[in-house]
Amino acid sequence: MENLNENSLDELFLWVVSVDRRLVLMQSMRHHKIIKASDVAHETNRSTQNINRALKEFEDKNLAKCLTPEKSTWKKYILTNIGKELLFKMETEYF
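I will try to describe carefully the structure that is included in this document. (Residues numbered from 1 in each chain as written. Predicted model: local features only at pLDDT ≥ 70, side-chain atom pairs only at ≥ 80, totals over all residues. Heavy atoms only, no water.)

### A few points about the nonpolar core
Within soluble globular proteins, side chains that are nonpolar generally end up buried alongside one another.
Part 1 of the argument: Counting 27 residues, the largest nonpolar core has V16, L25, I51, F58, L63 and L86 as the members making the most contacts within it.
Part 2 of the argument: At the level of elements, helix 1 (6–17), helix 2 (20–31), helix 3 (37–44), helix 4 (48–60), strand 1 (64–66), strand 2 (77–79) and helix 5 (81–93) are the ones that each hand at least two residues to this core.
Part 3 of the argument: Contacts of L63, omitting those with residues within four sequence positions, involve L12, W15, V16, F58, I78, L79, T80, I82, G83 and L86. (Core = buried A, V, L, I, M, F, W, Y, C linked by side-chain atoms within 4.5 Å. Buried < 20%, exposed > 50% of the residue type's maximum accessible area, 1.4 Å probe, protein only. Helix = DSSP H or I, 4+ residues; strand = E, 2+ residues; numbered from the N terminus. Contact = heavy atoms within 4.5 Å.)

Rendered as structure tokens:
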């Protein structure tokens, strides 16, 4: 895994937990290796738009990667190595 310094991980941790949609998305990614916004939205009673926005934010921070960028709908996402490292930190310290 790509090594982040502890301060960077702490900053990402705070960034995720500061907004509910990001926290909901990270919690969903604990249970699914590959996700679609519509599935997360359905499981969490959120709008698909809300989850899509969180996924875009995760992509911008290099926490998630789209596996099907050529598609306009039903896109599939996975966590990047940085996302996995952050998820591990959150599982041990937060969840």
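### Section: helix 4
Part 1 of the argument: The first and last C-alpha atoms of helix 4 sit 18 Å apart over 13 residues, in line with the 18 Å expected at 1.5 Å per residue.
Part 2 of the argument: Within helix 4, the full set of buried residues consists of I51, A54, L55, E57 and F58. Here the buried residues of helix 4 occupy an arc of 160 degrees about the axis, which is enough to place them on one side. Across from the buried face of helix 4, at angles greater than 90 degrees, the exposed residues are Q49, R53 and D60.
Part 3 of the argument: The inward-facing, buried residues of helix 4 contact helix 1, helix 2, helix 3, strand 1 and strand 2. (Expected span 1.5 Å × (residues − 1). Arc of directions from axis to C-beta.)

### Side note on the packing of helix 2 against helix 5
Part 1 of the argument: Look at helix 2 against helix 5: their axes get within 11 Å of each other, and the N-to-C directions meet at 95 degrees. Classified by the interaxial angle, the pair formed by helix 2 and helix 5 is roughly perpendicular. Of the residues in helix 5, those touching helix 2 at L23, M26, M29 and R30 are G83, L86, L87, M90 and E91.
Part 2 of the argument: Among the residues making up the contact of helix 2 with helix 5, the classes are represented as 6 nonpolar, 1 polar and 2 charged. (Axes fitted to C-alpha atoms, helices over the stretch in contact; angles between N-to-C directions. Parallel < 35°, antiparallel > 145°, perpendicular 65-115°, else oblique. Nonpolar A, V, L, I, M, F, W, Y, C, P; charged D, E, K, R; others polar.)

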